[in-house]
Amino acid sequence: MNTLLQLLLDGLSLGAIYALIALGYTLVYGILRLINFAHGDIFMVAAYAALFSALSSLAPADPGATRFAVTLLASMAAAALLGLAIERFCYRPLRGQPRINLLITAVGVSLLLENLSQVLFGANPRVFPELLQGGVAFENGQLKVGQIDVWVLLTAFGLMLALEAFVHRTRAGRAMRAVAHSHETAALVGVPVDKVIALTFAVGSALAAAAAVLYGVKYPQVSPFMGVMPGLKAFVAAVLGGIGNLRGAVLGALLLGLAESLVIGYGGATWKDALAFLILILILVLRPAGLLGKYEAEKV
Amino acid sequence: MKMKLFKSLSLAAALGLLASCAKLPENEIRIGEFGSMTGLTSTFGTATHEGIQLAVDEVNAAGGINGKLVKLVSEDDRGKPEEAATVVEKLITRDHVHALLGEVASSNSLAAAPIAQRHKIPMISPSSTNPKVTAQGDYIFRVCFIDPFQGKVMAKFASETLHAKTAAILRDKSSDYSVGLADVFAREFSGMGGKILIDQAYQSKDVDFKSQLTTIRQKKPDVLFVPGYYSEVGLIAKQARDGGLQAPLLGGDGWESPELYAIGGKAIEGSYFSNHCAPDAKIKQVMDFAEKHRAKYKKEPGALTVLGYDAAGVLFDAIRHAPSLKGPDLRAAIAATKDYQGVSGAISLDADRNAVKSAVVLKVHHGRAEFVATVNP
Amino acid sequence: MNPNLKLILGVLIPALAVQALASLAPDSLSYFVSILALAGINAILAVSLNLVNGITGQFSLGHAGFMAVGAYTSACLSVYAFPGLPGQLAFVLAVLGGGLLAGLAGWLVGLPSLRLRGDYLAIVTLGFGEIIRVLILNMDFLGGARGFIGIPAETSPFWVMLCLAFCVLACVRLMASTHGRAWLAIREDEVAASAVGVDTTRYKVLAFALSAAAAGLAGGLFAHKQAFINPNSFDFMKSVDVVIMVVLGGMGSMSGSLLAAVALTLLPEALRPLAQLTGVDLRMVIYSLALIAMMLSRPAGIMGRKELWQLGWWTKR
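Residues numbered from 1 in each chain as written. Chains lettered and ligands numbered in written order. Predicted model: local features only at pLDDT ≥ 70, side-chain atom pairs only at ≥ 80, totals over all residues. Heavy atoms only, no water.

S.K.: Help me understand the overall build of chain B in this model?
M.R.: Summing up its helical and strand segments, chain B has 12 helices and 15 strands in all. Whereas a compact globule of 377 residues would reach a radius of gyration of roughly 21 Å, chain B reaches 22 Å, a difference of no more than 12%. Dimensions of chain B, computed from the C-alpha atoms along their principal axes, are close to 70 × 55 × 40 Å. Relative to its full complement of 377 residues, chain B shows a buried share of 60%. When contacts within chain B are restricted to residue pairs at least 6 apart in sequence, those whose partners lie at least 24 apart make up 66%. Entry remark: accessible area of chain B is about 14,500 Å², with carbon and sulfur atoms responsible for 57%. Computed over 45 positive and 42 negative side-chain charges, the inter-centroid distance for chain B is 3 Å. (Helix = DSSP H or I, 4+ residues; strand = E, 2+ residues; numbered from the N terminus. Rg over C-alpha atoms; globule rule 2.2 N^0.38 Å. Buried < 20%, exposed > 50% of the residue type's maximum accessible area, 1.4 Å probe, protein only. Contact = heavy atoms within 4.5 Å. Areas by Shrake-Rupley, 256 points an atom, 1.4 Å probe, with all protein chains shown as cover. Lys, Arg positive; Asp, Glu negative; His and termini not counted. Charge placed at Lys NZ, Arg CZ, Asp CG, Glu CD.)

S.K.: For this particular structure, what's the right way to read the packing of aromatic side chains?
M.R.: Aromatic ring pairs are reported here in terms of the distance separating the ring centres and the angle at which the planes meet. Tallied over the entire structure, the rule returns 26 aromatic pairs over all chains. Consider the rings of Phe222(C) and Phe234(C), whose centres lie 5.9 Å apart with planes at 80°: the pair is edge-to-face. With Phe222(C) in helix H9 (residues 200-226) and Phe234(C) in the loop between strand E2 (228-229) and helix H10 (236-249), the pair connects residues that are 12 residues apart, well separated along the chain. Residues Phe222(C) and Phe234(C) agree in their burial class; the two are buried. Within the aromatic cluster, the residues linked to one another by ring pairs are Tyr72(C), Tyr80(C), Phe148(C), Phe222(C) and Phe234(C). We note Arg331(B) situated over the ring of Tyr139(B); from NZ or CZ to the ring centre the distance is 5.9 Å. (Phe/Tyr/Trp six-rings, centres within 6.5 Å; stacked < 30°, edge-to-face > 60°. Lys NZ or Arg CZ within 6 Å of the ring centre and 35° of its normal.)

S.K.: Just checking my understanding: could you explain the interface of chain C and chain B for this structure?
M.R.: One frequently used descriptor of interface size is the decrease in accessible area upon assembly of the parts. Each partner contributes residues to the interface: chain C has 27 residues there, and chain B has 35 residues. Here chain C meets chain B over a buried area of about 2,900 Å², counting both sides, of which 56% is carbon and sulfur. There are 2 salt bridges connecting chain C and chain B. Among the salt bridges present, the one from Arg146(C) reaches Asp147(B), with a minimum N-O distance of 3.5 Å. Every element with two or more residues in the side of chain C that touches chain B is listed here: helix H2 (30-55), helix H5 (118-138), H9 and helix H12 (272-278) of chain C. It is H2(C) that contributes the most residues to the side of chain C that touches chain B, 6 residues altogether. By residue class, the composition of the side of chain C that touches chain B is 12 nonpolar, 9 polar and 6 charged. (Buried area = accessible area lost by both parts, 1.4 Å probe. Salt bridge = Lys/Arg side-chain N within 4 Å of Asp/Glu carboxyl O. Nonpolar A, V, L, I, M, F, W, Y, C, P; charged D, E, K, R; others polar.)

S.K.: What exactly am I supposed to notice about unusual backbone geometry here?
M.R.: Trans is the common state for peptide bonds, and a negative phi is the common state for residues other than glycine. All names here are of chain B. For the peptide bond that leads from Gly102 to Glu103, omega is -5°, which places it in the cis range. Looking at where Glu103 falls in the secondary structure, it is placed in the loop between strand E3 (99-101) and helix H4 (106-119). Positive phi, normally seen in glycine, also occurs at Arg353, with a value near 65°. Examined against the element boundaries, Arg353 turns out to sit in the loop between strand E12 (345-349) and strand E13 (355-356). At His366, a residue that is not glycine, the phi angle is positive and equals roughly 55°. In this structure His366 comes out as exposed when scored by relative accessible area, which is 64%.

S.K.: Help me understand the interface of chain A and chain C, please; the structure alone is not making it clear to me.
M.R.: The interface of chain A with chain C comprises 40 residues on the first partner and 39 residues on the second. Both sides together, the interface formed by chain A and chain C hides about 3,500 Å², and carbon and sulfur atoms give 82% of it. Linking chain A with chain C are 0 salt bridges, by the criterion used here. Of all the secondary-structure elements, those providing two or more residues to the side of chain A that touches chain C are helix H3 (65-91), helix H4 (99-121), helix H9 (228-241) and helix H11 (272-286) of chain A. Broken down by element, the side of chain A that touches chain C gets its largest block of residues, 14 residues, from H4(A).

S.K.: What is the right way to read the pairing of strand E6 (residues 166-172) of chain B from this model?
M.R.: Looking along a regular strand, one sees side chains alternate from face to face of the sheet. All names here are of chain B. Burial of E6 is extensive: 7 of the 7 residues sit out of reach of the surface. Note: E6 against strand E7 (residues 195-202), 7 bridges, orientation parallel. When the bridges of E7 are listed, Thr166 appears paired with Lys195. In the classification by handedness, the crossover that spans E6, the intervening helix H6 (residues 176-191) and the parallel E7 is right-handed. Note that E6 and strand E8 (residues 223-225) share 3 bridges and pair parallel. Bridge pairing links Ala168 to Leu224 in E8. (Pairing = 2+ DSSP bridges. Right-handed = clockwise from strand over helix to strand, strands pointing away.)

S.K.: Before we go on, may I ask you to explain the confidence of the model for chain C in this structure?
M.R.: When pLDDT is low, close inspection of the predicted coordinates is not appropriate. Taken over all residues, the pLDDT of chain C has a mean of 86, while the share at 70 or more is 96%. Interface confidence for the predicted complex, expressed as ipTM, amounts to 0.85; the pTM equals 0.86. (pLDDT = per-residue confidence, 0-100.)

S.K.: Before we go on, may I ask you to explain the side chain of Ser128(B) in this structure?
M.R.: Residues and elements named next belong to chain B. On the secondary structure map, Ser128 appears in the loop between strand E4 (123-125) and strand E5 (140-142). The class for Ser128 is buried, based on a relative accessible area of 0%. Polar contacts involving the side chain of Ser128 include one to the main-chain carbonyl oxygen of Val104, which spans 3.1 Å. (Polar contact = N/O pair within 3.5 Å; in protein donor to acceptor, adjacent residues only side chain to side chain.)

S.K.: Sorry if this is basic, but what is going on with the environment of Thr105(A) here?
M.R.: Structurally, Thr105(A) is set in helix H4. Separated by 83 residues in the primary sequence, Thr105(A) and Leu188(A) place their C-alpha atoms 29 Å from one another. Discounting chain neighbours no more than four positions away, the residues touching Thr105(A) are Cys90(A), Leu94(A), Ile292(C) and Met295(C). Within the local environment of Thr105(A), its side chain forms a polar contact with the backbone oxygen of Asn101(A), the two atoms lying 2.7 Å apart.

S.K.: Got a minute to help me understand the packing of helix H3 (residues 63-81) of chain C against H9(C) in this structure?
M.R.: Packed helix pairs are specified by the crossing angle of their axes together with the interaxial distance, meaning the distance between the axes. All names here are of chain C. For the pair H3 and H9, interaxial distance at closest approach is 6 Å and the crossing angle is 50°. Comparing their axes, H9 and H3 come out oblique. You can see that H3 and H9 cross each other, and the crossing is right-handed. Across from His63, Phe66, Met67, Gly70, Ala71, Ser74, Ala75 and Ser78 in H3, the residues of H9 making contact are Phe208, Ser211, Ala212, Ala215, Gly216, Gly219, Gly220, Phe222, Ala223 and His224. Residue composition of the contact of H3 with H9, grouped by class: 9 nonpolar, 9 polar and no charged. (Axes fitted to C-alpha atoms, helices over the stretch in contact; angles between N-to-C directions. Parallel < 35°, antiparallel > 145°, perpendicular 65-115°, else oblique. Left-handed = near helix turned anticlockwise from the far one by under 90°.)

S.K.: Honestly, the sheet that holds E5(B) in this entry has me stumped. Any pointers?
M.R.: All names here are of chain B. Reading across the sheet, the 5 strands line up as E2-E1-E3-E4-E5 and stay open at both edges, with parallel pairing between neighbours. Of all strands in the sheet, those with a lone pairing partner are strand E2 (69-76) and E5, marking the two edges. Put simply, the sheet's adjacent strands are angled 25° from each other on average, direction ignored. Here E4 pairs with E5 via 3 bridges, running parallel. Bridge pairing in E5 links Ser125 to Arg142.

S.K.: Looking at this structure, how should I read the pattern of salt bridges?
M.R.: For side chains of opposite charge, pairing can occur when their charged atoms come near one another. Summed over the entire model, instances satisfying the criterion amount to 27 salt bridges over all chains. In this structure, Glu50(B) and Lys299(B) form a salt bridge, with 3.3 Å as the shortest nitrogen-oxygen distance. One end of the pair, Glu50(B), is in helix H2 (residues 42-61); the other, Lys299(B), is in the loop between helix H10 (284-297) and helix H11 (303-321), and 249 residues separate them in sequence. Relative accessible area serves as the criterion here: at 40%, Lys299(B) is assigned to the partly exposed category. Measuring nitrogen to oxygen at the nearest pair gives 2.7 Å for the salt bridge that ties Lys204(C) to Glu190(C).

S.K.: Got a minute to help me understand H10(B) in this structure?
M.R.: An α-helix turns once per 3.6 residues; consequently, residues spaced three or four apart project the same way. Residues and elements named next belong to chain B. Across its 14 residues, H10 extends 20 Å between first and last C-alpha, which sits within 8% of the 20 Å expected from 1.5 Å per residue. Restricting attention to buried positions, one finds in H10 the residues Val286, Phe289, Ala290, His293 and Tyr297. Viewed along the axis of H10, the buried residues span an arc of 105°, placing them on a single side of the element. Exposed side chains of H10 directed beyond 90 degrees from the buried face belong to Lys284, Glu291 and Ala295. On its buried face, H10 is in contact with H2 and H11. Of the residues flanking the end of H10, it is Lys298, one or two places downstream, whose phi is positive at about 60°. (Expected span 1.5 Å × (residues − 1). Arc of directions from axis to C-beta.)

Next up, the structure:
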């Protein structure tokens, strides 16, 4: 029983990180109907940014809340800039063209980020600096809750609540929802569509960066291809919850995290990557709109 | 316009073909080296290359072998078996090398060996440990021990020195090296009266091993055998200790890297792994080599570099004794290698063209690997 | 001339020509011959992927998975099922068997997936490719991570060219038939095609299965060339390599895919000295930049949708 609780807790912690990445996917999809293949790699670049800022003179040398906060903000800023650049130079020129072109470009950007990182930073995994003190926060027999897990859950859910507030209670958020609904209509009522799209990319990328920092805190290793699997899994999570739906993304991610943890715990470690794809195929065949999504009829 | 392009392209192709028929100098010894200089396993290739280059520079500085200078042609196979096959084909047929040195990863050696065998060019692998590599043909050799021996070493160490009665295994299912070692360890440990309580797996590039470790911890093994690569082993050690597993970790030469201590930190202290040689051994050969290495590369040598150096050394020794540089003569000379004093120990090649060598067991202590014991075959 | 005879000759003559050239080549050129064989295998992969991505307009990212199915099936057949038969015969049967099973896999994968729209299809095919790879990795009798050793090395330029010529001619003939028109219709506007009575799912699955079968043939040829295969040769990056060939060559152009495949196999070999000089492998960086640049400037690719025999100074005017 204790093992089950431990596995569930690990799954929750992992799912929270996937949720932050999934939110980025779902935000961009909602507004552009584009699967940003490069999102997982923005996560990776943000991890490197976090590594460098933690090691620089900006951040204090000792693990603690300040070091964590500074690294988090620095990498979120870096990722937002990267997201803006990618949108401006690679996706915006292709707006209006067949979607397959955009998809291929996204694949190209993803490959570029991965291979450029490999060339610049080396293929070897690097140690992620210790941002927070480890140790046990709470223990009950065989069940251990680490300090790190507490931080991860608090930060992740904090950011998710902040996003919810932003999207539903601010003007900018309303503009985002408007553009997601219809570009033309939003433009007609005076919403600066290009700026809103840029903002969406920035926010999505910043969330991915937060996920990267939390991931680095949990699994202190950074490598050029570290974003591939988490990115794909977060995408599956977004689809599971209903792509375009923010709460769906969170739900899907938590479910996926739990499922993954349980599968590994009961002996299927080498299948855990295939699990995500299996879930994707099942959901797309059985309930394509996702758990919380609405089925949109395609207008001809 | 298109016609002009076509004409110039065909001219270029023709010239290229002609160039390839040029006569090669007779008074040099051409050695081909192939390894992963770029890509995910680039540390293996570059480390081995450094050892080989050191050997080549040394021998050339002394005037070559039998008056001929050694020319080293290195090719990058990006860590992929099909590229290994391609570059070996190129080295043999385009660069006309007399012998080949490579590779580190057994899957790349396996892809390259049939080509070397077909062309009758001797190939010496510095560190491929899969027994099937040398089984590809009588032109294929290696200067390191094979997995069956290495697995036995750790099984023996666990059973006799650590007095372990039970063990758990955590293997990397996506690595042929790890799978091979794990299988042998399981077989040997059981054969010595030990009991394998549980055998779990992960894949390379995984970062989360908590679930596997939780299951392992519950079985309470005396030791945990983790025959993987240093990047995952470091994380495994951390997560194992965080989860409350106190048993010592055991591993193989895949642990060897400065990164192991950086990633594993305190968690990896007190664990043991087998290796080809002890970098800090107070043996004259090892210390001399470390001195030479430091002078050229400004850093400490690792086992792969040592093996690269020894592979080249064995080859040069054979060339010295061979009647000619032709394939069959060279092959016979290499096969006759007996008690060659390499940095990694005395190397003799047995009937299967594998090196009969001792292994060392190292302990992780104060952020470094310390010599504990030598295990003889 | 009887069209079937034309087909047979069209396939045999290039194959025999290539083999003649290869046999005449001195041993010092065996490296080039080997590279050309690889280029031929990549060309089969590209032309077959073009059928799905270019002609039918569906975006598949799992081509390497079907190549893997073909490779491993043919390897198993060669080593376990047909060891008694004479070399060449066993080889041909094994490769055909590989293609057949891969085609079946394509059909099975296509059935559920092809109801999905572009972006989803891409991820699902990627997923299937990965699932196939993980399956093979976990099957110990196929060697798992240690790979499959001991495949007889029977592939020669003759067989590669024969297979390639067959695939290209089959594509050309299919394009001129109802199937080809249906595929083009689906690419241009799926809803309109469906409205005029084209059974879109059936044709999409057909394209997928045929393309997978060809990838399986390429896999079988590859396995019998290397004599050793392991799952790492059939990962997502291999699928991406083939996609890059199709996109750069021009989605929808068979000759474009063919040329791009040959160019992108030869180019890395030609760039070897550069990689040695700089010590870094810039290949993938260059490819991804080329992909982005191509999409931004000339998304149609080099050949666009035209074929080699439709343009240039050899077209009758």
